[in-house]
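So the chains spell out like this:
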Amino acid sequence: KKKKPPSMKFKNGEEFVKSLVIEYCPEPSVSSTIKLDLYFKKAHDLFYHGLDFVKDGNDARSYIELMRYSQLMMAIATHNAYSMKQYEKEKNVNKRRLNNAITKLEGLKPKLIQQYNEEIKKEEAMPPSPQPTTVTAAEVKAQEATEEAKSEASAPPLEQVDDGNNSNANTASADRWRNLKLEASPQYDPMQAASAASASSSQPSKLDAIFKQPPPSLTPIVLANNVVSDFIKYADMNTKRDIETCGVLTGKYDRKQDTYVITHVIIPKQKGSANTVQTLNEEELIGVQEKYEVVTLGWIHTHPSQTCFLSSVDMHCQLSYQIMMPNAIAIVYAPKDKTETFSLTKKGVSVLSNCSCQGFHRHEGVTGLYHQATHAHFDKKRKCKFVDLRK
C-alpha cells in the first residue's frame, strides 16, 4: 500500500479534500425558534464570502466557504417556516445560488485533488532531507499571500457563480450534493486531473499549510478607536433622558489579515425606554449596508441608569446577531458603571436557541450564558464612520 511522503499530511488528494470538510465544515444546526429571516441573512453572507475567495483564486478557502453555504441551505429546509409563502422569493434566489455553488464545488473538488497529488509527486521527486522541515508562521503567511495573489482561471467561470439571478439554473440535485460529501467524487477522472495538472505552470500551493495554522474558532474583530467615544456623543441626548440607544456595528472582511474590521456604525430609527430599545425600518438599514457593502458584526447600546451586563432581552437580541455571524459582539456602555464587549458562550447559544420566552425573563439555574469577547480588540489608528438614520 502506497504511503504518503513524510512531509505531506495526507496520502492523496481525496483525503485532503475530505479533511477540509471534516475540519472546517461542521454540520450546521437550525432551530425553528429562531426566525428564518436570520438564517437567510447568514446564507447571503456565506455565499458572498465564498465569492470573495473565488475572486482571489484561493481554491481551498473557496471550497470551504461555498461548502458551508451549501450545508446551511440544506439545513434551512428543515425549518418549520420554510414552506411559508412569504419566503418564496428567498427560496427561489437561494435555489439558484445553491445550484451555482454546487457547480463550482464540483469543479473545485477534482482541481484540489489534482493540485495535492501534484505536490505529492514533487515531494517524492525531491532528494530526502536529513531533518524534517519546520514550517514557520512567517512561511505560512507568505504562502497564503502567494495563494491570494493567484489569478488562474477556474471552471466554471466566476460569472456562473453569481448572485443567483440566473433564471435558467436548475435546482441542485440530492445526488450531486451527496457526491460532494464522499471521499472521492464520481466526477473525478484521474487522467483528466493529471492532464490539467501538467498544463498548470503555477508554483506549488503547499495546501497542507491550511492545516498547519487552523483559523481560530472565532475570527477576530478589529474595533476602530472612535467606536465607543463617538457613539456616546450620538446617544447623549437619550442618555440624559434615561432612554437606551443602539447602533449596528458593520464592516468588512480583511482577507490578508483574516480579520473583520468595523468600518461603519449605523444608528437606525428606533424606539427606546429606560431598559429597552427596538430598531425600526429594518429595510432602510439593509439598504445602507448594501450601499457601503458591509456585513453585520454586532451591536452597541447604552444602559443609561443600569450596570454593564446583558439582560435576558439583550441576550436574545445578541443571539440573532450570532446566528448570522458567530463572532458577532455586543458592546454595552453604562455611564454609571463601565463599558464592556460581550458575546454569547456556546452554552448560551444552545440555551437561548431553545428558549421561546419573550420580554424580560429568567433562565433558572443556568449561568455562563455570555462572557467578555476576547476575540475583539481596539486599534488606536483606525477610525470608523457613523451613519445616523434617525434624522
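Residues numbered from 1 in each chain as written. Predicted model: local features only at pLDDT ≥ 70, side-chain atom pairs only at ≥ 80, totals over all residues. Heavy atoms only, no water.

**Q** Go over the pattern of salt bridges with me, naming the residues and quoting the values.
**A** Taken as a whole and assessed by the stated rule, the structure comprises twelve salt bridges. Across the pair lysine 11 and glutamate 15 runs a salt bridge, and its minimum N-O distance is 3.9 Å. With relative accessibility at 28%, the residue glutamate 15 sits in the partly exposed group. One salt bridge in this structure joins lysine 121 and glutamate 118, with 3.5 Å as the shortest N-O distance. With lysine 121 and glutamate 118 both in helix α4 (residues 88–125), this residue pair falls three residues apart, about one helical turn. The class for lysine 121 is partly exposed, based on a relative accessible area of 45%. (Salt bridge = Lys/Arg side-chain N within 4 Å of Asp/Glu carboxyl O. Buried < 20%, exposed > 50% of the residue type's maximum accessible area, 1.4 Å probe, protein only. Helix = DSSP H or I, 4+ residues; strand = E, 2+ residues; numbered from the N terminus.)

**Q** Describe the packing of aromatic side chains, and please don't skip the residues or the numbers.
**A** Scanning the entire structure with this criterion turns up eleven aromatic pairs. Here the aromatic rings of phenylalanine 40 and tyrosine 87 are separated by 6.0 Å at their centres, their planes lie at 35°, and the arrangement is tilted. Taken as a pair, phenylalanine 40 in helix α2 (residues 36–56) and tyrosine 87 in the loop between α3 (59–76) and α4 lie far apart in primary sequence, 47 residues in all. On the accessibility criterion, phenylalanine 40 (4% relative accessible area) is buried. Tyrosine 87 sits in the buried class, given a relative accessible area of 7%. (Phe/Tyr/Trp six-rings, centres within 6.5 Å; stacked < 30°, edge-to-face > 60°.)

That is the geometry; function is a separate question.
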